[in-house]
Amino acid sequence: MAPVHETDMVLLPEGLQALKQVAQEVGGDRSGASLNLDGGCDAARNRTSMCKAGLLPTIQEPPRNRKRPQRGRNRLCNAAIHAVRLRVERTCAWEEKCKRLGLRFERIQRRHDGMTLMASTLINLREFCGT
């Protein structure tokens, strides 16, 4: 949980520390694992802290209105993982349009699952039928 007025950039170092602590308590190996973030977290300080934590930063570099690509070594960005991340974010944004699901009016779990299935069906029909 975080305050609404704080950005992800401010919360990232604290989140990395919490991730390291949880991985240490569980005994999980985080070396070589990728951390997929959006372009807002693209800063040298953030990439360095992720590498020190044993994670591979997968951040798509924003173009920043450049006509030519920046010189130097290309940054690591797994395009397949990033594409899946964008699909998940898009799906969550579509589900947020359904106010009844976001506020969770339904108290019975089966009824909520049914409403989620119905909303997903309507979202897919709108997307694929074009209406």
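To be clear, the structure that these remarks concern was listed above.
So, a few notes on the structure that sits alongside this text.

Some words on the overall build of the chain
Link 1 in the chain: Secondary structure assignment for the chain yields 5 helices and 2 strands.
Link 2 in the chain: Ordered by position from the N terminus, the helices and strands of the chain form the series α-β-α-β-α-α-α.
Link 3 in the chain: The buried share of the chain, reckoned over its 131 residues, is 18%.
Link 4 in the chain: The contacts of the chain with a sequence gap of at least 6 include a subset with a gap of at least 24, amounting to 36%.
Link 5 in the chain: Accessible area for the chain stands at about 10,600 Å²; split by element, carbon and sulfur atoms hold 56% of it.

Structural notes on the side chain of His112
Link 1 in the chain: Looking at the secondary structure, you find His112 in helix H5 (residues 109-129).
Link 2 in the chain: Those residues within four positions of His112 in sequence are excluded, and the remaining contacts are Leu101, Arg104 and Glu106.

A word on the pairing of strand E2 (residues 55-59)
Link 1 in the chain: For E2, a buried count of 4 out of 5 residues is recorded, marking the element as mostly surrounded by other parts of the structure.
Link 2 in the chain: The pairing of strand E1 (residues 33-37) with E2 spans 5 bridges and is parallel. The partner of Ser34 across the bridge, within E2, is Leu56.
Link 3 in the chain: Between the parallel pair E1 and E2, the chain is carried across by helix H2 (residues 44-52), and the sense of this crossover is right-handed.

A few points about the nonpolar core
Link 1 in the chain: By size, the foremost hydrophobic cluster in this structure holds 9 residues: Leu12, Leu16, Leu35, Leu37, Cys41, Met50, Ala53, Leu55 and Ile59.
Link 2 in the chain: Only helix H1 (8-26), E1 and E2 provide two or more residues apiece to this core.
Link 3 in the chain: Setting aside residues no more than four positions away along its own chain, Ile59 makes contact with Leu37, Asp38, Gly39, Cys41, Asp42, Arg47, Met50, Leu76 and Cys77.

Focus on the environment of Ala43
Link 1 in the chain: Locating Ala43 in the fold gives a position in the loop between E1 and H2.
Link 2 in the chain: Take Ala43: its relative accessible area is 21%, and that puts it in the partly exposed class.
Link 3 in the chain: Residues Ala43 and Ile59, spaced 16 residues apart in sequence, show a C-alpha to C-alpha distance of 9.7 Å.

Digging into H2
Link 1 in the chain: For H2, every residue scored as buried is listed here: Asn46, Arg47 and Met50. An end-on view of H2 places all buried positions within 100° of arc, on one side of the element. Facing away from the buried surface of H2 by more than 90 degrees, the exposed residues are Ala44, Arg45 and Lys52.
Link 2 in the chain: Immediately downstream of H2, the backbone of Gly54 shows phi near 90°, a positive value.

Concerning a nonpolar patch on the surface
Link 1 in the chain: Among the surface-exposed residues, Met118, Leu122 and Leu125 lie close enough to one another that they form a single nonpolar patch of about 290 Å² accessible area.
Link 2 in the chain: Within the secondary structure, Met118 sits in helix H5.

A closer look at helix H3 (residues 79-96)
Link 1 in the chain: Over its 18 residues, H3 runs 26 Å from end to end, which matches the ideal 26 Å to within 8%, given 1.5 Å per residue.
Link 2 in the chain: Within H3, the full set of buried residues consists of His82, Arg85 and Trp94.

The rules behind the values
Residues numbered from 1 in each chain as written. Predicted model: local features only at pLDDT ≥ 70, side-chain atom pairs only at ≥ 80, totals over all residues. Heavy atoms only, no water. Helix = DSSP H or I, 4+ residues; strand = E, 2+ residues; numbered from the N terminus. Buried < 20%, exposed > 50% of the residue type's maximum accessible area, 1.4 Å probe, protein only. Contact = heavy atoms within 4.5 Å. Areas by Shrake-Rupley, 256 points an atom, 1.4 Å probe, with all protein chains shown as cover. Pairing = 2+ DSSP bridges. Right-handed = clockwise from strand over helix to strand, strands pointing away. Core = buried A, V, L, I, M, F, W, Y, C linked by side-chain atoms within 4.5 Å. Arc of directions from axis to C-beta. Patch = residues over 30% accessible without salt bridge, like charges linked within 9 Å, V, L, I, M, F, W, Y side chains within 5 Å. Salt bridge = Lys/Arg side-chain N within 4 Å of Asp/Glu carboxyl O. Expected span 1.5 Å × (residues − 1).

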